[in-house]
Each structure stands twice: as structure tokens, then as C-alpha cells.
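# Report on the structure
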Amino acid sequence: MDDFTISVISNIGLFSFVALSAYLLLLTGEISFGQQAYFALGAYGAGIATVMWGWPLAIAVVWAVAIGMAAGALVALPTVRLRGLYYSIATLAFAEMVRNAFLIFRYRREVDGFEVGPAGAEGFRDIRYIYETGISSFEYMLLIYALLAGVMLLFLLMETARLGAVFRMIGDDPVLAEMQGIDVTRYKVLAAAIAGGIAALGGCLYAHMVTYVEPAIFNVMLGVHALAYGLIGGLGTAFGPILGVIIDIGVLESTRAFSGYRMIVFGGLVAVILIVRPRGLLDETLVHRVRLWLRPAR
Amino acid sequence: MASPGTLRIEGLTKRFQALTALEDVDLALESGEALGLIGPNGSGKTTLFNLISGVYPPSAGRISFNGNDITGDPAHRISRRSIGRTFQNLRLFPRMTVYENVRAARHAGAPALSQLWVGRAARRVERDAVMDRLAEVGLADRAEDLAAELPLAGQRRLELARALAAKPTLLLLDEPAGGMTPAETDHMAEIIATHAMPGRSVIVVEHKLDMLSRLCNRLCVLNFGRKIAEGTADAVLRNPDVLEAYLGTEDEQDRHAPVD
């Protein structure tokens, strides 16, 4: 496999995390424009852990997820009662706060004779853990997909168990869900925490692949893409947002067939799909059909 | 403790800014009793249901259920106290299957993590319970269809099955036969009489008086947010205030009140 293919496949995996993060909130009926903030927190948090504190990547991954979940829950507490547009604006404002905080965040320290660490707008260089430990880019791609498989397993488990149904009930009709005895506020905080953890996991893996992050990467366009992936790919199954990422990164960006026009094509695609399939390509109805077809007749 | 299904309402008032939707209403329901609630459109029947089930808090007054004050409690807590309801303007989860809609009522109060794993035995118990409720309302063969694919009468019966799945001791039915044909209405009345009423207290809002007098021995009439009459069906329907509220005059005594 050549380097280009590996980097495309790795990128699809990485952006799937932030897409799944936005998707989980879409299921509960919330449109968050701020999932890039947790991606950033995971990237910086894990980068600091491996570069400056000398932690192994495995622990940094857990650390990133913990940061993301804590931040997700913390942001959810004041915003969870906001509805629709107000929630979207609040999440956007939070993400911009995080991005601006990283623009002035300096935490430098000498490690092995070099000064390293986040340097505000100049970014955070030399997150070289995988190169120092001799992990090849192919092996790293496998690691990304192993962790993505773990997250997907969580989603599929959720869908077959009750938790997925609870999230979908809240997304469909929060008042009705409340009347089924569900503490909607508590489940929304839970969803926000899980979503934050998933995005931060992606950010951690991203930072270690590209070795360099800067606040500009985590601007609102990343959040908009994360949302669009679910809306294009479909909200009926967790494979939906991943399909969205494959369409965008795998087809539009990597084939270069639309070079220079990628954003125009992507924007047009979002608009068309929102009109003809408002719940995305793999929507609930299609997923339901497939499920009936797969299941042996009773 | 009062016996299950006992409801006491005192001085209940709800104002929406300048509009008073419900004013100083008293109501008592004994365990196992069936009460019919009637009144012209906009008289406060659904507001009363919304207050009891905790959609919004009252402006004044008290609601107690089984001897506990539940005034102003959030809806999820009231639901866990085993008060169930259906909705005048159907409320289902349209993108979920018929089966999942009934199962929805069984999440109540379970801790979040237990929602992630349901054991095989528990799953079977759940499946049996859900299928029993569906069989009672005649929807067992539609379990795997999406709720949105059911006709209106089926959707109303599905709502009833969902409400019953939570095993309520007080059931609030808001126009359970709304928009149904006479044959469908009869079917619904029969389902309610055989499966919804035994062992629980029920309040039914309905414009179809034939159905109400079949199900309920006591009627309560609301008009402009106030209770104007209460008593046996015969007495209430002869009450001049009630006739005036519905018909304006006495000479056009249609047994059916005007439906929207």
C-alpha cells in the first residue's frame, strides 16, 4: 500500500470519530456546531501527555477520552435545556472559545534539550511519539481502525440494546420521551459526554499522525463537516456518518476529480440530500427494510 | 397510603398569559373508577390532562395521587408514579417500529447503564409483555412495521398499547376514538373496556357520548375552564347548563356533540 492510500484511509478513519460524535448528538435531536472543540482538546491533551510528560500513547488515549467526556458533560450542563438554534449557537460559541484559548495557550518546557509544547498561534509541533517508537504509518492506520471498530461496536450495542432507542426517542419527541419516564436532561448529558469522548479520541489519534496541530485546524468548518457527514450518510445507523466521510474524503478530496471545486460539490451534495433524503442516504426507513430482510422470517 | 389510582385535584388553575385555560377545578377519582370528561373544544380538558401528567406546572392548586402531592413534578417522575396517558393529537415515535413504540414505555426509571445490556431472559420477558399488549389492541401482526405505516385507528390503538405497557394505575385517555369510523370506535370501546379499565382508574376525554356512557358511570363537564356539572351520565346530559354549553339552545338535541 503506498503512502497516499494509507494517508487517505487513515484520514477517513480519523474524521469518522468526529462524524460519529456529531451523529450521536443528531440522534438526540441536537445540532452541534462545536464537536471540533473536543477534537482539539483530545489533540492537545494527548499531545502534551506524550511529548511533555513522556506518557505512552495507550495512556494518552484514555486521558484524551476522559478530557473529552468531562468537557462534553460540563458544556452540556448549562446548554442541555436550550432548544434548536439556541443550542447550536451555544456549541459554536463554546468551540470558538476553545479555539481562541489555544491561540494564546503557551505551555513550553525543555525535553531532551529541545523546547517543546503548544506555542499559541504557532501551534504545537513535534508530536513524534509514533516515529520515536518506530510505529509505521500502516501499523498506525490499523490502530486507528481498531479503535474505530471499538467505537462502532459501542454504537451497534447501543442500537440493539435500549440506550439507542432512548436517544432516538429523545430526538424524535423529547416531551413524549419524558412521559415514558425518561429523565431527558440526564440522558442528554450522557450523550454529550460520550460524543465529547469520541471526538477527543479522534483528536488524539489525529495529532499523533500529523505530528503538528494548530488552532486554525479546529475551526468551525471541521464542525460543519462533522455534521454534514451524518446528514449525507444517514441517521439510521452508525455506518451512515462513516459513509459520509468516505464520500467526502475518499471520493471528493482524494480522487482530485473535483480539485478546486470540492467545497462547492460538497455543499451542493448536502443541499440536494437534505431535500431528497432529509435523514440521509442510510435513513431509518432503509435501515428498517434491510433489518427485516436480513432477519429470518418468524 | 391511599389505595392505588386515587386522584385528588383541588383548586387547579392554569393561566397562559392573559388566557385562563383552567380555573379552580376540583376533582376526585377513587381507585378503579372510570370518569368521563366532556366539554366543548377549548374548555380545558387537555390542559387538565397536561397538568396531571406534568407537561407543565399549574398556576395554582394541588394535585395529589395515591396520597402523594405531585403538583409541579416533572413528567418523567409522574410517569414513574404509574400515571399513563394517550394524546388527542397522536404522539408516536414515527420512525420506530410498532414493537419499539410499545417497548418505549418499559424504559421508565431504569438506570442508564442497564439500558446498554439487556440479558436474554429479560429480553424474553420484555418481548412477551410487549407482544401481549399488542395482541390486546389487535396489532400483533404489525409489530415489525414502522409506526408511521399504520392507519389512524391503528395508531390510536398503538398509543393505548404503549400506555398500558407501563402498567399505569391511572390512565388518561384523550379522545381515544378521535377521527375513527363508527365501527372502529366500537372496536376501540371494546378494547378499552376489556383491557384498559380492569384494575385501574381511568379518565376518558371523548366527544362520542355513546362510547362514554358505555365506559364511564360518572361524567364531569368543563366549559371555559370551569367545571359546570358532574354526576351520572343521565343526570349530566339533562343538566340545562350542559345543554347550553354544547348546543346553545334546547331544541337541537343531537346525541353527538359537535366535533372539530
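Residues numbered from 1 in each chain as written. Chains lettered and ligands numbered in written order. Predicted model: local features only at pLDDT ≥ 70, side-chain atom pairs only at ≥ 80, totals over all residues.

## A look at the overall build of chain B
Defined as follows: What counts as a helix is a DSSP run of H or I of at least four residues, what counts as a strand is a run of E of at least two, and both are numbered from the N terminus. Based on C-alpha atoms, the radius of gyration is set beside the globule rule, defined as 2.2 Å times the residue count to the power 0.38. Residues are called buried when their C-beta atom has 20 or more other C-beta atoms within 10 Å, exposed when it has 12 or fewer, and partly exposed otherwise; all C-beta atoms are positioned from the backbone. Two residues qualify as being in contact provided that their C-beta atoms, derived from the backbone, are within 7 Å of each other.
Across its full length, chain B holds nine helices and 10 strands. Its C-alpha radius of gyration of 19 Å places chain B within 12% of the 18 Å reference for a compact globule of 260 residues. C-alpha extents for chain B along the principal axes are approximately 60 × 40 × 35 Å. Within the span of chain B, comprising 260 residues, buried residues form 45% of the whole. Summarising the internal contacts of chain B: among those between residues at least 6 apart in sequence, 68% fall at separations of at least 24.

## Concerning the nonpolar core
To be explicit about the condition: To define a nonpolar core, we join buried Ala, Val, Leu, Ile, Met, Phe, Trp, Tyr and Cys residues through C-beta atoms within 7 Å and take the resulting set.
Core analysis: the biggest nonpolar cluster contains 163 residues, and A19, A64, A200 and C204 of chain A together with V204 of chain B have the highest contact counts within it. Once residues lying within four places of it in the same chain are set aside, the contact partners of A64 of chain A are G42, G45, A46, A200, L201, G203 and C204 of chain A.

## A short note on the confidence of the model for chain B
Residue and element names in this part refer to chain B. For clarity, the cut-off: Confidence scores here are pLDDT values: one per residue, from the predictor, ranging 0 to 100.
With 92% of its residues at a pLDDT of at least 70, chain B reaches an overall mean of 89. Across chain B, the secondary-structure element scoring lowest on mean pLDDT is helix 9 (residues 240–247), at 84, and the one scoring highest is strand 7 (residues 170–174), at 97. At the level of chain-chain contacts, confidence expressed as ipTM amounts to 0.85, with global pTM at 0.90.

## Brief notes about the sheet that holds strand 4 (residues 60–65) of chain B
Residue and element names in this part refer to chain B. What counts, and what does not: Any two strands between which DSSP finds at least two bridges are classified as paired. Note on definitions: angles span 0 to 180 degrees between N-to-C directions of axes, and those axes are lines fitted to C-alpha atoms, for helices only across the stretch in contact.
Spatial strand order, 2-1-4-5: four strands in an open sheet with antiparallel pairing. Pairing within the sheet leaves two strands with one partner each, and these edge strands are strand 2 (19–29) and strand 5 (68–69). Summarising the sheet, strand 1 (residues 7–16) and strand 4 pair through five bridges and their orientation is antiparallel. Of the residues in strand 4, the one forming a bridge with R8 is S64. Each of strand 1, strand 2 and strand 4 touches helix 1 (residues 45–53); the most contacted strand, strand 2, lies at about 65 degrees to it.

## Observations regarding the pairing of strand 2 of chain B
The side chains of a regular strand alternate, first on one face of the sheet and then on the other. Residues and elements named next belong to chain B. Sheet analysis places strand 1 next to strand 2, joined by seven bridges and oriented antiparallel. The residue bridging K14 from the neighbouring strand is L22, located in strand 2. The turn joining strand 1 and strand 2, which pair antiparallel and follow one another in sequence, is formed by two residues; a positive phi near 45 degrees is taken by Q17.

## Overview of the interface of chain B and chain A
Put simply, the rule reads: Classification used: nonpolar for Ala, Val, Leu, Ile, Met, Phe, Trp, Tyr, Cys and Pro, charged for Asp, Glu, Lys and Arg, polar for all others including Gly.
In this complex, chain B contributes 26 residues to the contact, which on the side of chain A involves 25 residues. With four residues, helix 2 (residues 75–80) of chain B is the largest single contributor of residues to the side of chain B that touches chain A. Along the lines of polarity and charge, the residues of the side of chain B that touches chain A split into 12 nonpolar, seven polar and seven charged.

## Let's talk about helix 5 (residues 152–165) of chain B
Residue and element names in this part refer to chain B. As a reminder, the rule being used: Each residue after the first adds 1.5 Å to the expected span of a helix.
Between its first and last C-alpha, helix 5 extends 20 Å over 14 residues, near the 20 Å set by a 1.5 Å rise per residue. Burial analysis of helix 5 places 11 of its 14 residues in the buried class, which makes it a mostly covered element. Three or more residues of helix 5 are buried, namely Q155, R156, R157, L158, E159, L160, A161, R162, A163, L164 and A165. In this structure, the buried side of helix 5 is in contact with strand 6 (83–85), helix 3 (98–103), helix 4 (120–136), strand 7 and helix 6 (182–196). The positive-phi residue at the C-terminal boundary of helix 5 is K167, with phi of around 50 degrees.

## Some thoughts on the packing of helix 7 (residues 162–172) of chain A against helix 9 (residues 184–210) of chain A
All names here are of chain A. Inclusion rule: Each angle is binned into one of four classes, with values under 35 degrees roughly parallel, values over 145 roughly antiparallel, values of 65 to 115 roughly perpendicular, and all other values oblique. What makes a crossing left-handed is the near helix being turned counterclockwise from the far one by less than a right angle; a clockwise turn instead makes it right-handed.
Contact geometry for helix 7 and helix 9: axes closest at 11 Å, N-to-C directions at 110 degrees. Taken together, the axes of helix 7 and helix 9 are roughly perpendicular relative to one another. Of the two possible hands of crossing, helix 7 and helix 9 adopt the one that is left-handed. Residues V166, F167 and I170 of helix 7 pack against V184, Y187, K188 and A191 of helix 9. Residues belonging to the contact of helix 7 with helix 9 are distributed by class as follows: six nonpolar, no polar and one charged.

## Notes on the environment of L82 of chain A
Residue and element names in this part refer to chain A. Within the fold, L82 resides in the loop between helix 3 (57–79) and helix 4 (84–104). Considering only alpha carbons, one finds L82 and M158, 76 residues apart in sequence, at a separation of 25 Å. If near-sequence neighbours (up to four positions away) are discounted, L82 is found in contact with Y87 and A90.

## Some remarks on the sheet that holds strand 6 of chain B
All names here are of chain B. Here six strands make up an open sheet; going across it, the order is 6-7-8-3-9-10 and the pairing mixed. The outermost strands of the open sheet, each flanked by one partner alone, are strand 6 and strand 10 (226–232). The average angle at which neighbouring strand axes cross in this sheet is 20 degrees, direction not considered. With four bridges connecting them, strand 3 (residues 34–38) and strand 9 (residues 218–223) associate as parallel partners. The residue of strand 9 that forms the bridge with G36 is L219.

## Topic: helix 6 of chain B
All names here are of chain B. Note the threshold: The directions considered for the arc are those from the helix axis to the C-beta atoms.
Along its 15 residues, helix 6 runs 20 Å from first to last C-alpha, staying within 8% of the 21 Å computed at 1.5 Å per residue. Within the span of helix 6, buried status applies to M188, A189, I191, I192 and A196. Along the axis of helix 6, the buried residues cluster in a sector spanning 160 degrees; they form a single face. Facing away from the buried side of helix 6 by more than 90 degrees, the exposed set consists of P182, A183, E190 and T194. Elements in contact with the buried residues of helix 6: helix 4, helix 5, strand 7, strand 8 (201–205) and helix 7 (209–215).

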